[in-house]
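The chain contents come next:
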Amino acid sequence: MAPKERVPSILTHPAVPLALGVAYGQRYVSRRLLLAGVGASILPDIDSLGLSLGVPYGDTLGHRGLSHSILFALLLAVAAASLFRTLRASRSAAFAVVLVSCASHGLLDALTNGGLGVAFLSPFSNHRYFLPWRPIAVSPLDVDLFFSAWGLRVLRSEALSVWLPFALLGGLGFLIRREPRANPQGGANGRQPCGSERERMSAAAASRRSP
Ligand SMILES: [Zn+2]
């Protein structure tokens, strides 16, 4: 396995939090939480730095080791949940979005056709896992190699295997979230008031009632 491989490309992992943001909207996934999700989806590849420092690929701290594990994603999600006010989201949303964003990184890596597998159970086991179906082409670490026929092949496979399905899922969630629209009590555009609008309206009504 050539150490110049990273999978999938760092540009593709944010497809998961972006799809969550589109599907659930800003009521659930605030801009800050979306940014945190994007960061969590990329963060596991920080172990790529170890390659240049001489950490062996297959080591616990090697590429696709501890930082790609389920435990790492859980700890990151707990940290995000504790910062829910800073992230301007509910505690459960902060936990769920960061957990899914980070854990999906390892799953996407396990769908690739190159490198070692992913140490999902690290640090308890350094066994490397792949999923049975591996449609995503391995991505080069080397920037020069990325702008080559290899890079184009990677982008094409990631577009079809990652971006397209997550765009469809995000769009489907968006459409479901927007239903039902046609409500005669929802104002001129038929839109129902969202949660924060309802809270503002009930607070205004309460202030009118109070002497
Ligand atoms: Zn990775």
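The sections below set out a description of the structure shown in this document. (Residues numbered from 1 in each chain as written. Predicted model: local features only at pLDDT ≥ 70, side-chain atom pairs only at ≥ 80, totals over all residues.)

**What about the packing of helix α1 (residues 15-24) against helix α5 (residues 91-109)?**
Put simply, the rule is: Helix axes are fitted only over the stretch in contact, all axes being lines through C-alpha atoms; the angle between N-to-C directions runs from 0 to 180 degrees. Starting at the N terminus, helices and strands are each numbered in turn, a helix being any DSSP run of H or I of at least four residues and a strand any DSSP run of E of at least two. By definition in this entry, angles of less than 35 degrees are roughly parallel, angles greater than 145 are roughly antiparallel, angles of 65 to 115 are roughly perpendicular, and the rest are oblique. For a crossing to be left-handed, the near helix must be turned anticlockwise from the far one by less than a right angle; the clockwise case is right-handed. Whether two residues are in contact depends on their C-beta atoms, placed from the backbone: they are in contact if these lie within 7 Å. Residues are grouped as follows: Ala, Val, Leu, Ile, Met, Phe, Trp, Tyr, Cys and Pro are nonpolar; Asp, Glu, Lys and Arg are charged; every other residue, Gly included, is polar.
Where α1 contacts α5, the two axes come as close as 8 Å, and the packing angle between them is 150 degrees. Comparing the axis directions of α1 and α5 gives the class roughly antiparallel. The way α1 lies across α5 gives a crossing that is right-handed. Contacts between α1 and α5 involve V16, P17 and L20 from the former and V97, V100, S101 and S104 from the latter. Each residue belonging to the contact of α1 with α5 can be placed in one class, and the counts come to five nonpolar, two polar and no charged.

**Remarks on the packing of α1 against helix α2 (residues 31-42)**
As a packed pair, α1 and α2 sit with axes 8 Å apart at the nearest point and diverge in direction by 155 degrees. Accordingly, the angle class assigned to the pair α1 and α2 is roughly antiparallel. Of the two elements, α1 crosses α2, and the hand of that crossing is right-handed. The segment α1 lies against α2, with V16, P17, L20 and G21 engaging L34, G37, V38 and S41.

**Remarks on unusual backbone geometry**
Worth spelling out the cut-off: Any residue with 12 or fewer other C-beta atoms within 10 Å of its own C-beta is exposed, any with 20 or more is buried, and the rest are partly exposed; the C-beta atoms used are placed from the backbone.
Omega for the bond connecting S122 with P123 falls within 30 degrees of zero, at 10 degrees, which places this linkage in the cis form. Turning to its location among the elements, P123 is positioned in the loop between α5 and β2 (139-140). In this model, R64 sits at a positive phi of 65 degrees, which is unusual for a non-glycine residue. Residue R64 is classed as buried on the basis of its C-beta count, with 29 C-beta atoms lying within 10 Å.

**Quick look at the environment of V38**
As for its position among the elements, V38 is in helix α2. V38 sits in the partly exposed class, given 18 other C-beta atoms within 10 Å. C-alpha separation for the pair V38 and V97, spaced 59 residues apart in sequence, amounts to 9.6 Å. Residues within four places of V38 in sequence aside, it is in contact with P14 and P17.

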